[in-house]
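# A structural walkthrough
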Amino acid sequence: MLNTVYQLKRPRQFEVAFKEMEIDDRQVIVRPTRLSICHADQRYYQGARAEEILRQKLPMALIHEGIGKVIYDPTGTFEIGTEVVMIPNRPVEKDDIIAENYLRSSKFCASSMDGFLQEYVQAVPDRFVRLPQGINPTVAAYTELVSVSFHAINRFLRFSHERRDVIGVWGDGNLGYITSLLLKKMLPDSKIYIFGVTENKLSDFTFADGTYCVNEIPADMQIDHAFECVGGGAASKAINQIIDCIHPEGTISILGVSEDPAPINTRMVLEKGLRIFGSSRSGRSDYEGLLQLYEEHPEVVSYLENIMGAEVEVRDVKDITRAFEMDIHKLMGKTVMIWNE
């Protein structure tokens, strides 16, 4: 079976490749229907990764956030036509201690293998999760991003002490919005404060207990724990602000991605006895838990509709390029490509 794969050949240039797909009785085939563009995709598209990384990984199909419909399933796991969320993590082994998304042997779509920007996606059945009925399909397209926050919060619940009266979230972008929204639903008795740089963005956090500009944090601000959702060149400033505001023995969850090392005030980390942990990606159990949360709290999906950005119908390389260029110039929100047959 011939599969059409839309690969990024070099920054800002997609090309069509035709690859033979071997059909066997262990793997499901899904046709992508909605694909969400991530910052990681943009770093490849804009050539913002190191030259050595680009040479190593390109050409490669981008996109690791998306949903699709089952068109072939010899295992009997799904009925034909079932809408599923596609899981980009591809583990090749199981470990009793290390989660699938941290195993160094695991592959990841649009990083160490072709992503979802192709006519058909093939994988074993547990790399797809049935999408509950009634979920907005555009919101469902960026389930992977939401699952990363869900994963980090569950790890936080394992690592942090139980005094969680006030939790701060640094970052007023999509990741900060998602993380703070889930925190409010998963820890309803905690006060959730948001710290950002743009007043217009902060005004969207209507569910939060308070919002603050990072340049105007009250001198007496104290929090029990914090989530860093900034990344990039501002990560260091955000983490150090957290260290200043956090109570002793608090826990800091690092979620923002930075290309360069971020210097932090280790003296105060030691003096306050802080615990800092990082989280990246997610696994099947996170998708299952998140979709259950969607069903139990449909208002979460409604809030997530607030970060829907442009919806772009795509049929060819020209349309895909247009979607990526539109995404570059957005102020906030997720750009989703509607994949037409």
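Residues numbered from 1 in each chain as written. Predicted model: local features only at pLDDT ≥ 70, side-chain atom pairs only at ≥ 80, totals over all residues. Heavy atoms only, no water.

## Description of the sheet that holds strand S14 (residues 225-228)
Spatial ordering of the open sheet is given by S13-S12-S11-S14-S15-S16, a layout of six strands whose pairing is parallel. Each edge of the sheet is formed by a strand with only one pairing partner; in this case those strands are strand S13 (210-213) and strand S16 (275-278). Going from strand to strand, the sheet's axes swing by 20° on average, the running direction of each strand aside. Note: strand S15 (residues 251-254) against S16, four bridges, orientation parallel. Residue pairing in the sheet places Thr251 in a bridge with Arg275 of S16. Sitting on the sheet, helix H4 (residues 143-159) touches strand S11 (166-170), S14, S15 and S16, and the angle it makes with S16 is about 150°. With respect to the sheet, helix H7 (residues 235-245) is in contact with S11, S14 and S15, its orientation differing from that of S14 by roughly 175°. (Pairing = 2+ DSSP bridges. Helix = DSSP H or I, 4+ residues; strand = E, 2+ residues; numbered from the N terminus. Axes fitted to C-alpha atoms, helices over the stretch in contact; angles between N-to-C directions. Contact = heavy atoms within 4.5 Å.)

## Quick word on the sheet that holds strand S4 (residues 60-61)
Pairing is antiparallel in the open sheet, where three strands are placed in the order S2-S1-S4. Only two strands of the sheet have a single partner each, and these edge strands are strand S2 (13-20) and S4. Strand direction decides the pairing type here: strand S1 (residues 2-10) and S2, joined by eight bridges, are antiparallel. Counted as the bridge partner of Gln7 is Glu15 from S2. Running over the sheet, helix H11 (residues 317-328) touches S1 and S2 and is turned about 130° from S2.

## What about the UniProt feature "domain: Alcohol dehydrogenase-like C-terminal" (unreviewed entry) in the chain?
Summarizing the sequence annotation, UniProt attributes the feature "domain: Alcohol dehydrogenase-like C-terminal" (unreviewed entry) to residues 220-295 in the numbering used throughout. Secondary structure across residues 220-295 comprises 39% helix and 16% strand; the distance between its end C-alpha atoms is 39 Å. (UniProt positions renumbered as here; feature names shortened; annotations may be inferred.)

## Some thoughts on the pattern of salt bridges
Counted according to the given criterion, the structure contains 14 salt bridges. Residues Glu259 and Arg49 are paired through a salt bridge, measuring 3.5 Å at the closest nitrogen-oxygen approach. Here Arg49 lies in the loop between helix H1 (39-45) and helix H2 (51-57) and Glu259 lies in the loop between S15 and helix H8 (266-272), a separation of 210 residues in the sequence. Ionic pairing is found between Lys334 and Glu65, a salt bridge with its closest N-O pair at 3.1 Å. Here the residue Lys334 occupies a position in strand S18 (residues 334-339), and Glu65 occupies one in strand S5 (residues 65-72), the gap between them amounting to 269 residues. Both residues of the pair, Lys334 and Glu65, belong to the buried class. Here the residues in one salt-bridge network are Arg43, Arg49 and Glu259, joined through shared partners. (Salt bridge = Lys/Arg side-chain N within 4 Å of Asp/Glu carboxyl O. Buried < 20%, exposed > 50% of the residue type's maximum accessible area, 1.4 Å probe, protein only.)

## So, the domain arrangement of the chain
Along its sequence, the chain is carved into domain 1 (2-141 + 307-339) and domain 2 (147-278). Each of domain 1 and domain 2 was reduced to a C-alpha centroid, and the two centroids are 29 Å apart. With nine residues of domain 1 in contact, the opposing surface of domain 2 contributes twelve residues. For the pair domain 1 and domain 2, the summed buried surface comes to about 820 Å²; carbon and sulfur atoms form 54% of the total. (Domains from an automatic or database assignment. Buried area = accessible area lost by both parts, 1.4 Å probe.)

## Digging into the packing of aromatic side chains
Any pair of aromatic rings gets described here by the distance separating the centres and the angle formed by the planes. Per the stated rule, a full pass over the model turns up 13 aromatic pairs. Measuring from ring centre to ring centre gives 5.2 Å for Tyr6 and Trp339, while their planes differ by 80°; the resulting arrangement is edge-to-face. Note that Tyr6 is positioned in strand S1 and Trp339 in strand S18, a separation of 333 residues in sequence. The burial state of Tyr6 is the same as that of Trp339; both residues are buried. Note on Phe207 and Tyr303: the rings are 5.4 Å apart at their centroids and 80° apart in plane angle, and the pair reads as edge-to-face. Here the residue Phe207 occupies a position in the loop between helix H6 (199-202) and S13, and Tyr303 occupies one in helix H10 (residues 298-304), the gap between them amounting to 96 residues. Exposure remark for Phe207: the relative accessible area of 11% places this residue in the buried category. Judged by relative accessible area, which is 25%, Tyr303 ranks as partly exposed. Through a chain of ring-to-ring contacts, the aromatic side chains of Trp170, Tyr193, Phe195 and Tyr212 assemble into a single cluster. Residue placement shows Arg281 over the ring face of Phe108; its charged tip is 3.8 Å from the ring centre. (Phe/Tyr/Trp six-rings, centres within 6.5 Å; stacked < 30°, edge-to-face > 60°. Lys NZ or Arg CZ within 6 Å of the ring centre and 35° of its normal.)

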